[in-house]
Amino acid sequence: MKLTERSLAMKKISQFLCLFACIISLTACKKEPMIKLSKENQASIEAKEAALKGKKADESAGKQASKKQKEKQDLAFPIEQAKSLPEGSLLSLAAYLPGQVSQSYHYQSSQSQYEAIVELQNPQTGYLQIRENYEQGSKTKVYQPFGGQINLIYEQEEAKAGEDLSSAAQTNPIVPSYTLLAEPVTVGTTWSYDQVHQSSITAIYESLELAAGQFKNIVEVTTKLDNETMIQYFAENVGLIATRHINSNDGKEEILVLASIEPVKAKSDAATNQGLHVTFSSPNPAGKTPLLVAKETDFKYNPQEDPVGAWAQLFLQEGWMSGQNRLNQVIVEDQIVTLDFAPGIVNGMNLNPATDAGVIPAMVKSVADYYKVSQVKLTVNGSIMAPYNIKPQQPGIWTVDPAWTKE
């Protein structure tokens with residue numbers, strides 16, 4: 001009995017030692033795959049894995065190249081390919097405000113980018129307010145067209161979005177202000193940028209195509225500063241489309257280009273602002289018929305105020321008066337609308353190629369059609385306007401003439 005028990009114990013010990021030896025042996029062996037592949041199949045699998053990795057790498061490189069190409073296109077500014085307008089070309093200052101209301105402009109350079117939102121335009125003062133949003137903050141600027149110039153008159157950091165800064169601009173303006181552009185808008189015009197440095201119009205180009213679109217009648221303004229030359233480009237009825245900064249010491253250049261323009265919701269809603277949609281009449285060049293041709297445009301104004309600012313904007317936009325002129329009043333009576341101007345308006349009209357002979361009929365028909373009247377009275381500080389090149393209708397009341405629009 002004792003022998004049998006001893007034999008069983010020895011047997012169990014032997015089995016344990018055998019199992020232990022197998023475990024040691026397995027851990028010492030190189031791991032082999034559960035399924036052994038032929039050399040040809042293994043090479044094929046490895047080739048496919050390498051191809052897949054290469055494809056992913058190519059796709060990643062392609063995306064990076066595409067992104068760089070897009071950025072390169074956004075920054076492209078082929079001004080050397082643009083054709084200059086004929087010598088002596090004269091443009092309207094009102095068409096070159098630095099931005100258009102309710103538009104968002106996205107600018108980009110190799111070093112930075114920012115967004116400029118044109119928040120509002122005050123029809124009474126002409127103030128244009130633009131908010132610039134940077135990665136590390138914001139700055140709101142107020143511009144004013146006045147006295148034949150477009151000036152930056154006020155700026156404030158971190159103002160509330162959409163906050164009207166007109167009052168602050170009036171009570172605490174920048175001294176001195178900065179002049180972006182001045183009349184006459186033609187090559188060779190010079191002015192003081194900040195009462196120290198000089199700016200001048202150095203070129204006017206017919207058109208230029210950028211990532212943000214096709215732009216026409218581009219005015220190039222060059223300003224010599226202490227350590228750099230700044231060259232700005234303004235497109236007609238758009239605003240600023242590019243700025244070049246050229247270092248005076250090493251000649252290095254950084255260029256900020258308009259990459260896109262997007263519409264934004266106006267600050268005020270329909271309860272306080274309404275559209276002044278005008279199908280107006282514009283004069284043909286002298287000698288061409290008919291005298292007037294139809295055009296369309298839109299304005300916004302506060303209906304609680306008279307729309308003098310909207311009409312003044314139209315007259316400035318079309319070059320029917322200069323930035324030195326002023327529309328005092330628009331008086332709507334039963335069957336007659338009176339436009340009263342400050343002195344100098346006739347001289348302003350005659351800066352237009354059509355002269356007062358085309359501008360007065362255009363004003364009269366545009367206003368008469370809008371208010372559905374047949375007569376418009378033109379006055380200067382209350383006195384009857386006396387034009388130079390068109391016979392006045394006495395006593396200063398002009399009746400729409402069907403011949404103005406006949407071929």
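A few points on the structure. (Residues numbered from 1 in each chain as written. Predicted model: local features only at pLDDT ≥ 70, side-chain atom pairs only at ≥ 80, totals over all residues. Heavy atoms only, no water.)

### Notes on the nonpolar core
Moving on, step 1. Counting residues in hydrophobic clusters, the biggest one holds 46 residues, and the most contacted among them are F77, V219, Y233 and I241.
Moving on, step 2. Counting residues per element, this core draws most heavily on strand β8 (residues 198-210), at six residues.
Moving on, step 3. The residues touching V219, leaving out its near neighbours within four places in the chain, are L91, Y96, L181, V185, I201, A203, I204, Q232, Y233 and F234.
Moving on, step 4. Within the second largest apolar cluster, 33 residues are counted, among which are L339, V359, Y371 and M385. (Core = buried A, V, L, I, M, F, W, Y, C linked by side-chain atoms within 4.5 Å. Buried < 20%, exposed > 50% of the residue type's maximum accessible area, 1.4 Å probe, protein only. Helix = DSSP H or I, 4+ residues; strand = E, 2+ residues; numbered from the N terminus. Contact = heavy atoms within 4.5 Å.)

### Quick word on the sheet that holds strand β1 (residues 103-108)
Moving on, step 1. One open sheet holds the twelve strands; their spatial order is β6-β5-β4-β3-β2-β1-β12-β11-β10-β9-β8-β7, and the pairing between them is antiparallel. Of all the strands in the sheet, the pair left with one neighbour each is β6 (178-182) and β7 (190-192). This sheet shows a mean twist of 25° between the axes of neighbouring strands, independent of strand direction.
Moving on, step 2. When strand β3 (residues 128-134) meets strand β4 (residues 137-146), the two strands line up antiparallel, connected through seven bridges. Note that in β4 the partner of N133 across the bridge is S138. (Pairing = 2+ DSSP bridges. Axes fitted to C-alpha atoms, helices over the stretch in contact; angles between N-to-C directions.)

### Side note on the layout of surface pockets
Moving on, step 1. Taken as a whole, the second largest pocket encloses approximately 780 Å³ of empty space.
Moving on, step 2. Around the second largest pocket, the lining comprises 32 residues; the ones closest to its centre are S92, E318, G319, N352 and P353.
Moving on, step 3. Per-class residue counts for the lining of the second largest pocket are 16 nonpolar, eleven polar and five charged. (1 Å grid on protein atoms, 1.4 Å probe; cavity = no way out; pocket = protein on both sides within 12 Å on 5 of 7 lines; lining within 4 Å. Points joined across faces, edges and corners; volume = space filled by probe spheres on them. Nonpolar A, V, L, I, M, F, W, Y, C, P; charged D, E, K, R; others polar.)

### Thoughts on the packing of aromatic side chains
Moving on, step 1. Enumeration according to the criterion identifies eleven aromatic pairs in this entry.
Moving on, step 2. Seen from their ring centres, W311 and Y371 are 6.2 Å apart, and the 40° between their planes marks the pair as tilted. Here Y371 lies in helix α6 (residues 355-371) and W311 lies in helix α4 (residues 308-317), a separation of 60 residues in the sequence.
Moving on, step 3. A network of ring pairs unites the aromatic residues W311, F315, W320, F341, Y370 and Y371 as a single cluster. (Phe/Tyr/Trp six-rings, centres within 6.5 Å; stacked < 30°, edge-to-face > 60°.)

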